[in-house]
Amino acid sequence: MLDHIRQSLDRIAEKDRMRALKVAQLADGGRIMRDGRELLDLSSNDYLGLARHPLLTETAANFAREYGAGSGASRLITGTSAAHETVDARIAAFKGTETALVMASGWQANAGIIPALAKAAPTTAIFADELVHNSIHAGCRAARADVHFYAHNDAEDLERLLTTRGAGVDARIIITESCFSMDGDLADLPALNALADKHGALLYVDEAHATGVLGRGGAGLTADHAGAALVMGTFSKALGGFGAYVACSALLRDYLVNMCPGLIFSTAPPPAVLGAMSAALELVPTMDGERAHLAKLSQRMRDGLQGLGYDTLGSASQIVPLVVGSEKDALALGEHLLEAGIAGLPIRPPTVPKGTSRIRLALRSTLSSEDVDLVLDCVSTWRR
Ligand SMILES: *Cc1c(COP(=O)(O)O)cnc(C)c1O
């Protein structure tokens, strides 16, 4: 076994796809400390700078002092405290849904909810956008269901699959992200809502990157385009903390409480995490100014990169891909940025499709226009 493991790692290295963990520490002003240097942070997902916000850190500490370090059991046994119920209710109010449930992580939510849903009917077909996150792939693989991937953001391809592959099954689920994690483009939710209605499918939307940043009051794109039966999102990105939520009807909530393994067999999120969630839910609706600034920075970055001749794909959010193509070029550009004090880390396959290795630039409301211009200058010298 160990020989195979060594050979596996060798093959990864040969393809310039070797990855390793590096110590980093978020700092103020959109900066990050890495290898003893302060870098401009365009790689973390702390889009609103909430990870170090005093209201989050203090509320987290207060919750820990008051309620303890752990929750003691899964939510189904004794792990649901009054604080969990309060946060559940606040998420439902934030998302405009009947109910919500706090879960341990977004990865765990997708990996557990999808197979749980697919179990409800004798036969289920899942239709997922080809660019969905790894955790959705994990959920689809674990589900006893036929899984069909439609061309990215292509409603026509989805309709073709629903018609040809969706007719002979008992139930259908459509899965998309609202803001795609690696391309930063947005799903056409009205079109997906219409297709879900027409074909009797349940629409499942992952708002990991939209929550806090997009939609009315930062409540995500489903807040502007209602219709999805089930919306999940995370507290780990713009909301600055950790953990996930699912927002849905009381019917679906009851079903998940009975059928979702990640909820039933995993310990409930601890008090400190709930404290940070609670503080983020208080702050996020008031941050329209930060969201407008972030949108402006993102547009400036896209305009600048396109002016330099780079493809930013369909980016329409704070995530701006700078696509260079090969793994080698992405690594080299990442190094060039690092030398200039910029953390713009290369993203390579299998995270993104082959030939689309990129620097994924994640803008943050704590950056300035000058910061964006610094990145553009640096990319420009690289281009030359
Ligand atoms: C990050 C991410 C997740 C996982 O969320 P965590 O809370 O970090 O586990 C799920 N879906 C998408 C689209 C993501 O980008």
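About the criteria used
Residues numbered from 1 in each chain as written. Predicted model: local features only at pLDDT ≥ 70, side-chain atom pairs only at ≥ 80, totals over all residues. Heavy atoms only, no water. UniProt positions renumbered as here; feature names shortened; annotations may be inferred. Pairing = 2+ DSSP bridges. Helix = DSSP H or I, 4+ residues; strand = E, 2+ residues; numbered from the N terminus. Axes fitted to C-alpha atoms, helices over the stretch in contact; angles between N-to-C directions. Contact = heavy atoms within 4.5 Å. Core = buried A, V, L, I, M, F, W, Y, C linked by side-chain atoms within 4.5 Å. Buried < 20%, exposed > 50% of the residue type's maximum accessible area, 1.4 Å probe, protein only. Domains from an automatic or database assignment.

- Per an unreviewed UniProt entry, the recorded name for the protein is 8-amino-7-oxononanoate synthase, and the organism is Aurantiacibacter gangjinensis.
- UniProt, in the comment section headed Subunit (unreviewed entry), describes the protein in these words: "Homodimer."
- What UniProt states about the protein under its Cofactor (unreviewed entry) heading is, verbatim, "pyridoxal 5'-phosphate".

**A word on the sheet that holds strand β10 (residues 244-248)**
Phase 1 of the analysis: If you trace the 7 strands from one edge of the open sheet to the other, you get β4-β10-β9-β8-β7-β5-β6, paired in mixed fashion. Of all strands in the sheet, those bounded by a partner on one side alone are β4 (99-103) and β6 (146-150). Recorded for the sheet is a direction-independent mean angle of 20° between the axes of neighbouring strands.
Phase 2 of the analysis: Relative to strand β7 (residues 171-177), strand β5 (residues 124-129) runs parallel, the two sharing 5 bridges. Bridging across to β7, F127 finds its partner in I174.
Phase 3 of the analysis: Relative to the sheet, helix α4 (residues 82-95) contacts β4, β9 (230-234) and β10, its axis offset from that of β4 by approximately 125°.

**What to know about the nonpolar core**
Phase 1 of the analysis: Counting 77 residues, the largest nonpolar core has L42, I174, M301, L305, L361 and L363 as its most contacted members.
Phase 2 of the analysis: Lining this core are residues from two domains, each supplying at least three of them: domain 1 (16-48 + 288-380) and domain 2 (54-285).
Phase 3 of the analysis: Non-local contacts of L363, meaning those with residues more than four positions away in its chain, are made with L42, Y47, L294, L297, S298, M301, Q318, V320 and V372.
Phase 4 of the analysis: A109, I114, A116 and I126 belong to the second-largest nonpolar core, a separate cluster that totals 26 residues.

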